[in-house]
Amino acid sequence: MNFLAHLFLSENNTNIMIGNFIADHIKGNQFSHFDEEIQQGILLHREIDTFTDAHPIVRKSKRRLHKRYGHYGGVIIDIFYDYFLAKNWIQYSEIPLALFTSAIYKLFQNKSSELPVKSQNFINYMIEYNILYNYQFKNGIAKVLNGMNQRTKGKSQMNLAIEDLELLQSELEDDFTLFFRDLQAFTKTKLKEIKSK
């Protein structure tokens, strides 16, 4: 899953959110210096990623994409799933998306100096372009895909994936709805396990 889903699945616990957000910028087990709940967020992020990658519905979604993306297909599906979460946000949260995302930005700005440099850089980019809020719009997704393609120097061809979203929106949205139900149940159980250790 991508950033919005990871943050949403953190049960509105700010430290879990921070850990869940910075996890991709942490190598191995080099996180013992963080607050215990931030560590739990890092572990939760990794569990979510493992569950997602192995899930048959997610694999089906990847197979729907054009073959030109190769191993970048998983990244594209993560972004598309965040689009469906943002687009249908009212079905999942009582907190409006605008309020949720602005609270996230404020939290990360306040904690930025304590986070890995890569996380700090991404926070600035995320806030400047209001990435989390704009996930609900296709032009917001197109900007993210274009940015990812530039980062891979054109190898990923991810800028073309907006075409797949246009063509396959109904099928992919059905995939997301079914998968996210499973993911929410998994996350709730897994977070309890992590906290009990």
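The residue numbers shown here count from 1 along each chain, following its written sequence. Predicted model: local features are reported for residues with pLDDT of at least 70 only, side-chain atom pairs are reported and counted for 80 or more only, and whole-chain, interface and lining totals are derived from all residues. Excluded from the side-chain calculation are hydrogens and water; included are all heavy atoms of the structure.

Colleague: Quick rundown of the environment of Thr187? Include the residues and the values.
Modeller: Only DSSP runs of H or I reaching four residues or more are called helices, and only runs of E reaching two or more are called strands; each is numbered from the N terminus. With respect to the secondary-structure elements, Thr187 resides in helix H10 (residues 161-196). Note on exposure labels: buried denotes an accessible area under 20% of the residue type's maximum, exposed denotes more than 50%, and partly exposed covers the range between, all computed with a 1.4 Å probe on protein chains only. Classification of Thr187 as buried rests on a relative accessible area of 2%. Along the chain, Thr187 and Met148 lie 39 residues apart, while their C-alpha atoms are 27 Å from each other. We call two residues contacting when some pair of their heavy atoms lies within 4.5 Å. Thr187 has contacts with Leu9, Leu44 and Ile48, leaving out every residue within four places of it along the chain.

Colleague: Let's hear about the packing of helix H5 (residues 73-87) against helix H9 (residues 138-151): which residues, and what values?
Modeller: Between H5 and H9, whose axes approach to 10 Å, the crossing angle comes to 160 degrees. Here H9 runs roughly antiparallel to H5, going by the angle between their axes. When you trace H5 past H9, the crossing you get is right-handed. Together, Val75, Ile76, Ile79, Phe80 and Tyr83 of H5 and Lys138, Ile141, Val144, Leu145 and Met148 of H9 make up the contact between the two elements. Charged means Asp, Glu, Lys or Arg here, nonpolar means Ala, Val, Leu, Ile, Met, Phe, Trp, Tyr, Cys or Pro, and polar covers whatever is left, Gly included. Counted by class, the contact of H5 with H9 contains nine nonpolar, no polar and one charged residues. Axis lines are fitted through C-alpha atoms, for helices just across the contact stretch, and the angle between N-to-C directions can take any value from 0 to 180 degrees. In this scheme, roughly parallel covers angles under 35 degrees and roughly antiparallel covers those over 145, while 65 to 115 is roughly perpendicular and the rest are oblique. Note on convention: near helix rotated counterclockwise from far helix by under a right angle means a left-handed crossing. Clockwise means right-handed.

Colleague: Requested: an account of helix H3 (residues 36-54), with residues and values cited.
Modeller: With 19 residues, H3 should reach 27 Å at 1.5 Å per residue; the first-to-last C-alpha distance of 27 Å fits that figure. Taken together, the buried positions of H3 are occupied by Ile38, Gln40, Gly41, Ile42, Leu44, His45, Ile48 and Thr52. Where H3 is buried, its residues meet helix H1 (3-8), helix H2 (14-22), helix H4 (56-64), H5 and H10. Measuring from the side-chain oxygen of the N-cap residue of H3 to the backbone nitrogen of Glu37 gives 2.8 Å; that N-cap residue is Asp35. A helix's residues, less one, multiplied by 1.5 Å, set its expected span. Each polar contact in these results corresponds to two N or O atoms within 3.5 Å; when the atoms are within protein, one needs to be able to donate a hydrogen and the other to accept it, and residues that are neighboring in sequence are counted only if both atoms are side-chain atoms.

Colleague: Hey, could you go over the packing of aromatic side chains for me, with residue numbers and the actual values?
Modeller: Within a pair of aromatic rings, the relevant descriptors are the distance that separates the centres and the angle that separates the planes. Each Phe, Tyr or Trp ring, with Trp reduced to its six-membered ring, pairs with another whose centre is within 6.5 Å; inter-plane angles below 30 degrees give stacked pairs, above 60 give edge-to-face pairs, and intermediate values give tilted ones. On inspection of all chains with the given rule, the structure shows 20 aromatic pairs. Taken together, a centroid distance of 6.5 Å and an interplanar angle of 75 degrees make the contact between Phe8 and Tyr92 edge-to-face. A residue pair is termed long-range when its members are at least 10 positions apart, and Phe8 in helix H1 and Tyr92 in the loop between H5 and helix H6 (97-111) qualify at 84 residues. Both rings, one in Tyr81 and one in Phe179, keep their centres 5.7 Å apart while their planes meet at 35 degrees; by these two values the pair is tilted. Linking Tyr81 in helix H5 with Phe179 in helix H10, this pair joins segments that are 98 residues apart in sequence. Through pairs of rings, three or more aromatic residues link up here, namely Phe8, Phe51, Tyr81, Tyr83, Phe84, Trp89, Tyr92, Phe100, Phe176, Phe179, Phe180 and Phe186. Cation over ring: Arg151 sits above Tyr125, and NZ or CZ is 5.7 Å from the ring centre. Here, over-ring charges are defined by two tests on the NZ atom of lysine or the CZ atom of arginine: distance to the ring centre within 6 Å, and angle to the ring normal within 35 degrees.

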